[in-house]
Amino acid sequence: MKRAAVLGAGSWGTALAIHLARSGTGVTLWARSAERARAFQAARENPLYLPGHSFPPGLEVTEDIARAVDGAGLVLFVAPAQGSRGIFRTAGAAADPGADMVIGSKGIEEGTFLRLTQVMEQEVTGDILSRTTVISGPSFAAEVARGDPTAVVAAGENGAARQRVQAAFSTGNLRVYGNSDLAGVELAGALKNVMAIATGIVEGIGLGSNTRAALITRGLAEITRLGCALGGRAATFAGLAGMGDLVLTCTGALSRNRRVGIEIGRGRALPEILTDLRMVAEGVATTRAALGLASRQGVELPIAAKVKEVLFEGRPPKDAIADLLSRPLKDET
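Residues numbered from 1 in each chain as written. Predicted model: local features only at pLDDT ≥ 70, side-chain atom pairs only at ≥ 80, totals over all residues. Heavy atoms only, no water.

Colleague: Would you mind showing me how to read the pattern of salt bridges here?
Modeller: Side-chain pairing between opposite charges can occur once the charged atoms of the two side chains come close. For the coordinates displayed, the defined rule picks out 21 salt bridges. Note that K308 is salt-bridged to E313, the shortest N-O span being 2.7 Å. Shared partners join several salt bridges into a network, and the residues in it are E263, R266, R268, E272 and D276. (Salt bridge = Lys/Arg side-chain N within 4 Å of Asp/Glu carboxyl O.)

Below, the structure written as structure tokens:
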């Protein structure tokens, strides 16, 4: 692959653009505003979302999606999940018909409760799933940009497309494993953000490691239960896209969703937290979307339900924890 387009100049999109460019791939990074595109191009770094990581030669920035995808053999989507539909539509119309489409965003669309590959399938004509792959797993942007050893998963229904994406991204210190369980990988990546908010909340109110370990473990049970009901495989949720990403996001200092939970636990209001964050914490919107999806399937998500009550309904965190502890007793599995 000689050229790639990366659509979304947040921290994760910028990190992946840097990674691809370091491997010798020509990369065009799309930023939403012309002002930011010019600033990033002039500074040769992204001072807003990934300061201190210089752009390699071959990485250019533009505000024009059509220009970004023109001639690209791989188009990587890394915009916030709730704003992805329009970007899929615009890029899909302008991209080369044979280009591999890769989704690096994590979330479930509010209102429709669709996974992002399902949103893309609605917006891009042709047999788009035959060339669509999702990349997911435990991977903080700053560490990927720094070149720390990292392992992630490329998931897709088409084995040839999956292998092309594996080859494109498996350079330097990034190792990419393949997985045919597209639904499982997408749902694991989206739902772990909800559990990261939950673990942040208990940390913010001063609870310790026992509580966090219990939430991570039971959170994985919820993710697996819904994921399997929607066609995912249980083994996927025990792997990099499931347990690996869940542990990272629930415990890592760089986790935005954990940070939101911590501040909620300390008593701050959600709008104020999100304004100060300046970046998208996908778990906030995904909480409501996941519960809507679970309701359709008749699947119970007790932790996610309490996160929703705390975030949007004013339920005190300590009361939400008491509710979880007083649930009827049952077997673990």
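Colleague: Quick question: what am I supposed to make of the sheet that holds strand β6 (residues 132-136) here?
Modeller: Sheets are built from strands paired through backbone hydrogen bonds, the pairs being either parallel or antiparallel. Reading across from one edge, β3-β2-β1-β4-β5-β6-β7-β8 is the order of the eight strands in this open sheet, with mixed pairing throughout. Each edge of the open sheet is held by one strand with a lone partner, namely β3 (59-62) and β8 (174-179). Each neighbouring strand pair of the sheet contributes to a mean axis angle of 25°, computed without reference to strand direction. Where β6 and strand β7 (residues 150-155) come together, three bridges link them in antiparallel fashion. Residue pairing for β7: I135 is matched across the bridge by A154. Each of β4 (74-77), β5 (100-103), β6, β7 and β8 is contacted by helix α7 (residues 159-169), which is oriented at about 170° to β8, the strand it contacts most. (Pairing = 2+ DSSP bridges. Helix = DSSP H or I, 4+ residues; strand = E, 2+ residues; numbered from the N terminus. Axes fitted to C-alpha atoms, helices over the stretch in contact; angles between N-to-C directions. Contact = heavy atoms within 4.5 Å.)

Colleague: Help me out: how do you make sense of the environment of L248 in this one?
Modeller: Mapped onto the elements of the fold, L248 is located in helix α11 (residues 240-251). Considering only alpha carbons, one finds L248 and A196, 52 residues apart in sequence, at a separation of 8.9 Å. The residues contacting L248, other than those within four sequence positions of it, are P138, S139 and F140.

Colleague: Is there a simple way to think about the nonpolar core in this case?
Modeller: Note on soluble globular proteins: their nonpolar side chains tend to be buried together. Among the nonpolar cores identified, the biggest contains 71 residues, and L7, V75 and F77 are the most heavily contacted of them. Formed by 34 residues, the second largest nonpolar core is a distinct cluster that contains L20, A21, V165 and V176. (Core = buried A, V, L, I, M, F, W, Y, C linked by side-chain atoms within 4.5 Å. Buried < 20%, exposed > 50% of the residue type's maximum accessible area, 1.4 Å probe, protein only.)

Colleague: Teacher, can you tell me more about the packing of helix α8 (residues 182-204) against helix α14 (residues 282-297) here?
Modeller: The description of two packed helices rests on the angle between their axes and on the distance between the axes. With their axes 8 Å apart at the nearest point, α8 and α14 run at an angle of 115° to one another. In this view, α8 runs roughly perpendicular relative to α14, as classed from their interaxial angle. Between α8 and α14 the crossing geometry is left-handed. Across from L187, A190, L191, N193, V194 and I197 in α8, the residues of α14 making contact are E282, G283, V284, T286, T287, A290 and L293. In the contact of α8 with α14, the residues fall into eight nonpolar, four polar and one charged. (Parallel < 35°, antiparallel > 145°, perpendicular 65-115°, else oblique. Left-handed = near helix turned anticlockwise from the far one by under 90°. Nonpolar A, V, L, I, M, F, W, Y, C, P; charged D, E, K, R; others polar.)

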